[in-house]
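Results of the structural survey
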Protein chains: 2
Amino acid sequence: MIKIAIDAMGGDFAPEQIIKGVNLAIEKHDDIELVLYGDEKLIKKHLKENSRVNIVHTTDFLDMGVEDPVKEFRTNPNHSLFLAMRSVKEGETDAIVSAGPTQGLVVGGHFILRRIRGMKRVAIAPFIPDFNGRQRILLDSGANVEFKPEHLLDFAIVASIIAKSYLNIEEPKVGLINIGSEKGKGRADDLLAYDLMDENKLINFIGNVEPKEMLLTDCDVLVTDGFTGNVLMKSYEGAIKAFSTAIKTEVENSFKVKMGALLMKSAFNNIKENTNAEKVGGAILVGVDGILIKAHGSSNDFAFYNAIRQARSMAKADIITKIKKAIEETHKND
Amino acid sequence: MIKIAIDAMGGDFAPEQIIKGVNLAIEKHDDIELVLYGDEKLIKKHLKENSRVNIVHTTDFLDMGVEDPVKEFRTNPNHSLFLAMRSVKEGETDAIVSAGPTQGLVVGGHFILRRIRGMKRVAIAPFIPDFNGRQRILLDSGANVEFKPEHLLDFAIVASIIAKSYLNIEEPKVGLINIGSEKGKGRADDLLAYDLMDENKLINFIGNVEPKEMLLTDCDVLVTDGFTGNVLMKSYEGAIKAFSTAIKTEVENSFKVKMGALLMKSAFNNIKENTNAEKVGGAILVGVDGILIKAHGSSNDFAFYNAIRQARSMAKADIITKIKKAIEETHKND
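One structure accompanies this document, and this report is about it. (Residues numbered from 1 in each chain as written. Chains lettered and ligands numbered in written order. Predicted model: local features only at pLDDT ≥ 70, side-chain atom pairs only at ≥ 80, totals over all residues. Heavy atoms only, no water.)

Structural notes on the sheet that holds strand β10 (residues 221-223) of chain A
Residues and elements named next belong to chain A. Our working definition: Strands are treated as partners if at least two bridges between them are detected by DSSP. Helix and strand labels come from DSSP, where a helix needs a run of H or I of at least four residues and a strand needs a run of E of at least two; each type is numbered from the N terminus. Axis definition: a line fit to C-alpha positions, over the contact stretch in the case of helices; interaxial angles, taken between N-to-C directions, run 0 to 180 degrees. Contact between two residues is taken to exist if any of their heavy atoms lie within 4.5 Å; hydrogens are not considered.
Spatially, β6-β7-β10-β8-β9 is the arrangement adopted by the five strands of the open sheet, whose pairing is mixed. In this open sheet, the two edge strands, each paired with only one partner strand, are β6 (127-129) and β9 (204-209). Neighbour-to-neighbour, the strand axes of the sheet open up by a mean angle of 30°, direction not taken into account. Of the pairings in the sheet, the one linking β6 to strand β7 (residues 135-139) comprises three bridges and is antiparallel in character. Looking across to β7, one finds that Phe127 is bridged to Ile137. Strands in contact with helix α6 (residues 149-165) are β6, β7, β8 (173-177) and β10; relative to β10, the strand with the most contacts, it is inclined by about 165°.

What to know about the sheet that holds strand β9 (residues 204-209) of chain B
Residues and elements named next belong to chain B. Taken together, five strands build an open sheet; the order of strands is β6-β7-β10-β8-β9 and the sheet is mixed. Looking at which strands have only one partner, the edges of the open sheet turn out to be β6 (127-129) and β9. Across the sheet, the mean angle from the axis of one strand to that of its neighbour is 30°, orientation sign disregarded.

Describing a nonpolar patch on the surface
Formally: Patch definition: residues with relative accessible area over 30% and no salt bridge; like charges joined within 9 Å; nonpolar side chains (Val, Leu, Ile, Met, Phe, Trp, Tyr) joined within 5 Å. Per-residue and other accessible areas were derived by the Shrake-Rupley procedure at a 1.4 Å probe size, with only the shown protein chains allowed to occlude residues. Every case where a carboxyl oxygen of Asp or Glu lies within 4 Å of a side-chain nitrogen of Lys or Arg is listed as a salt bridge.
A cluster of nonpolar residues, Phe255, Met259 and Leu262 of chain A, forms a patch on the protein surface that exposes about 320 Å² of accessible area. Looking at the secondary structure, you find Phe255 of chain A in helix α9 (residues 255-263).

Some words on the pairing of strand β2 (residues 32-38) of chain B
Residues and elements named next belong to chain B. What counts is decided by this rule: Relative accessibility thresholds used throughout: buried, under 20% of the residue-type maximum; exposed, over 50%; partly exposed, between the two (1.4 Å probe, protein chains only). The path from the first strand over the helix to the second decides the hand: if it runs clockwise while the strands point away from the viewer, the crossover is right-handed.
Across the seven residues that make up β2, a large majority, six, are buried. Across six bridges, strand β1 (residues 2-7) lies against β2 in parallel orientation. Opposite Lys3, over in β2, you have Glu33 as the bridge partner. Between the parallel elements β2 and strand β3 (residues 53-57), the chain passes through helix α2 (residues 40-46) in a crossover that is right-handed.

A word on the pairing of strand β4 (residues 95-98) of chain A
Residue and element names in this part refer to chain A. Here β4 shows two buried faces, one formed by Ala95 and Val97 and the other by Ile96 and Ser98. Across three bridges, the pairing between strand β1 (residues 2-7) and β4 is parallel. Note that in β4 the partner of Ile6 across the bridge is Val97. Pairing between β4 and strand β12 (residues 291-294): four bridges, direction parallel. Note that in β12 the partner of Ala95 across the bridge is Ile291.

As structure tokens, then:
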């Protein structure tokens, strides 16, 4: 039985959508037990009772717009997110899923789960679906804004293990996000990171990947610093949104175009379905000693269910043990 | 009469498309004289003779894939690009347009035109059209990969002058590309750049702009380092291309969708036309003492014509004098 801790109160639509996601997960997987942290009364309003679901009651939870999560952590250990994390730390559960505020998860990850020995930084690693539904791991997408080359190597090693265990890719290809495909491009730290990854035997490094190739490259893992990763991801989001809006405006302005759009509906639906982030689930906080899945803040039940599904798969694959072994191997001579 | 130096041999489709662009420019603007640098025999094959076009013959030119433009500069002063730049330096012409290799332009800009006194760095500044055809200046988009906060301030000042003189915007709004819209987000150098721009009286700084807002923000000038700017621009390019490809694949797979696409043809054409980079022209190399327009390497005649049109407008507006004055004002107490 896999036990997963759920932050029932984190997310824009918590607890309702979170609990509905829990109901879905319990229905679909009979090898999981879920422990929900949050307000028992509110949770019970939406929960389908099941012997595999337990509630740990707390009325405190992090606000989605929390400004100083470190202070929150220091002053209140009973926030639903922190209680859930502690259960992983203490071995009561095997993973945690939360749609709470990212910085809250990063802070809790640091102070409660703690970094894996040898990891100097953590990273947020989303699974980016392309227009064919294929997923690539991008990290760091925003946990840290400053970086050193050796952090990127650690990220590449950990993400390769996740790609292998979770995405079932035999020998995951790793690329360094860079402004040119040739070796020698980029900032001084990118050049150093290139060499570190190129020399490392634990990963299958194939070189630089340009931002415009993010959805086309045959890489499975894309590595960069958190500032660049965030710019990359949000640029794709913005471009696709702006393009979609431009199409919608054209549709509104012409009857003929509107007819065309109706005929193209299945095409637009297919595209939307393939890139559906809800289907993908959440991002993983890489580098902490425990499986910590960050579901999107605006998760609905289906998105949150998929984040639970991810946590289950990763727990079954025992990724943390594998990650610890690889990081220890990498830093044994430090 | 505005005199513009043309690198007739730079670009993937030089000299044919370059000369055809020259023909167009001469036809459309009777207040310009063009001096073409390149192989006279090849140029004359495509040139419509006109008293306002002169040729300075040279058989040497930079290869588009040039690997060491500094070495080229040191060993051969007769490359068409360098001769053209020298004519601006010596006051024989008012601006230069080239579709040659970017790094060749940056090197020539540094060594021949030289940086404006006070400018510590140069920047490549493209004019990015959104889906409504509105242009925003993004800089640096790739001249430098490392940066200091004060470089970004200089870029903001210069680009504001260009937005005012060339895009005719009364009081151009300046934004700092950042991973969050609130003050306090970003890398240490972004925080410092924020304060520098916020305090400066020559620009209208409105704060951070997230990457996803690039085509939506009411800013006219978007400032960041060359690594980030390049990632931003290329991510948008890649996202829109991947989205378009996904639509095309759907169209190929279904007759009904194909019919829909036919009805939507005008819409797709409108969108393409609004974002047509050929219509925009080229990017300006900001910070050098002379108007240097970098047309896209794959420019056709229409794109190159528009780069000439840009050079003409900027020369007429006497932007270099304005830029020098503003930069001098900014650095008078350095």
